[in-house]
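In case you want the letters, here they are:
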Amino acid sequence: MVLGVMAVGPYADLTAAQTRVAALEGEQASLEGAVEALQSEAERLQDPAALEEQAREQLGMARPGEIPYIVTNPAEKPPVPVNASPTIPPETAQPSLVDRLVDWVRGWGS
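First, a word on scope: everything that follows refers to the structure included in this document. These figures come from a predicted structure and were not determined experimentally. (Residues numbered from 1 in each chain as written. Predicted model: local features only at pLDDT ≥ 70, side-chain atom pairs only at ≥ 80, totals over all residues. Heavy atoms only, no water.)

## Comments concerning the environment of Gln-54
And step 1. As for its placement among the helices and strands, Gln-54 is situated in helix α2 (residues 48-59).
And step 2. Looking at Gln-54, the relative accessible area reads 16%, which means it is buried.
And step 3. Discounting chain neighbours no more than four positions away, the residues touching Gln-54 are Arg-44, Leu-45 and Leu-59. (Helix = DSSP H or I, 4+ residues; strand = E, 2+ residues; numbered from the N terminus. Buried < 20%, exposed > 50% of the residue type's maximum accessible area, 1.4 Å probe, protein only. Contact = heavy atoms within 4.5 Å.)

This is the structure we're talking about:
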């Protein structure tokens, strides 16, 4: 019985270590996939045409004498600022909680 109780701690450590190993193996596999993707991208960028394409698309670069154009679609309506709140017309505005409480107390005293 004593040996069984003594084996519980090491068994828990073993299962925790096995779980950690499995998680690390999964992470290693995903990282190896990322490395392969980056290596293929680096090989692709060895081609001058692919490198020029990336420079034009990502950096907006142009050859000497070229005039780059950026075409954008104008917004239908101006964007609403993030911190702006919709305004409530005064005729539909509700009295504040304090005003309602004061009115209730006044009505209660009468």
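Having put the structure on the table, let's press on.
## Regarding the pattern of salt bridges
And step 1. By the definition in use, this model includes four salt bridges.
And step 2. Among the salt bridges present, the one from Arg-56 reaches Glu-52, with a minimum N-O distance of 3.0 Å. Remark: Glu-52 and Arg-56 occur in helix α2; sequence separation between them is four residues, near one turn of the helix.
And step 3. Across the pair Glu-52 and Arg-63 runs a salt bridge, and its minimum N-O distance is 2.8 Å. Highlighted residues: Glu-52 in helix α2 and Arg-63 in the loop between α2 and α3 (97-109), separated in sequence by 11 residues.
And step 4. When its relative accessible area of 26% is taken as the criterion, Glu-52 is described as partly exposed. (Salt bridge = Lys/Arg side-chain N within 4 Å of Asp/Glu carboxyl O.)

## What about α2?
And step 1. In this model, α2 (12 residues) spans 16 Å end to end at C-alpha, consistent with the 16 Å of a helix rising 1.5 Å per residue.
And step 2. Of the positions making up α2, those classed as buried are Ala-50, Gln-54 and Ala-55. Buried residues in α2, looked at end-on, bunch into an arc of 140 degrees, giving them a common side.
And step 3. Gly-60 sits one or two positions beyond α2 and adopts a positive phi of about 70 degrees. (Expected span 1.5 Å × (residues − 1). Arc of directions from axis to C-beta.)

## Focus on a nonpolar patch on the surface
And step 1. A grouping of Leu-101, Trp-104, Val-105 and Trp-108 is seen on the molecular surface, where their side chains present a nonpolar patch of about 520 Å² in accessible area.
And step 2. Within the fold, Trp-108 resides in helix α3. (Patch = residues over 30% accessible without salt bridge, like charges linked within 9 Å, V, L, I, M, F, W, Y side chains within 5 Å. Areas by Shrake-Rupley, 256 points an atom, 1.4 Å probe, with all protein chains shown as cover.)

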